[in-house]
Amino acid sequence: VQSCLSVCSARCDPHGGQVAERRLPAVFTCVNDYADLRGELAIWQGVFGARVVLEPQRNAFRAVTVAHAPGERNSSWYCANCYVYAIQGY
């Protein structure tokens, strides 16, 4: 279950500070480890001062979507919720 604050909100909404201020653990998922995970952790730690209480790890409940254009056999795939981690405020 993703926390009460969506990943997008953590990136662009000032409510991330409220999550950190309450000192409650918050669990998040993200798509990949090369951009999303690094960026999200940089914001949580650098901007909001939160600490990581569950180190990022592969999520056993990730999702994959395979898309086919109408009439074509070639497909694209997209993965969601590949990694899970948790933070806690100051």
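Because the structure is predicted, anything quoted here is derived from the model rather than measured.

K.L.:
Residues and numbers for the overall build of the protein chain, please.
P.N.:
Assigned secondary structure in the protein chain consists of 3 helices and 5 strands. When the helices and strands of the protein chain are listed from N to C terminus, the series reads α-α-β-α-β-β-β-β. Here the protein chain holds 90 residues, and 36% of them are scored as buried. Here the protein chain has roughly 6000 Å² of accessible surface; of this, 54% comes from carbon and sulfur atoms.

K.L.:
Run through the environment of Val52, naming residues and quoting values.
P.N.:
Along the chain, Val52 falls in strand 2 (residues 51-58). Distance in space between the C-alpha atoms of Val52 and Gly89 is 8.9 Å, their sequence separation being 37 residues. With residues near it in sequence (within four places) discarded, Val52 still touches Leu41, Gln45, Ala86 and Ile87.

Definitions and cut-offs
- Residues numbered from 1 in each chain as written.
- Predicted model: local features only at pLDDT ≥ 70, side-chain atom pairs only at ≥ 80, totals over all residues.
- Heavy atoms only, no water.
- Helix = DSSP H or I, 4+ residues; strand = E, 2+ residues; numbered from the N terminus.
- Buried < 20%, exposed > 50% of the residue type's maximum accessible area, 1.4 Å probe, protein only.
- Areas by Shrake-Rupley, 256 points an atom, 1.4 Å probe, with all protein chains shown as cover.
- Contact = heavy atoms within 4.5 Å.

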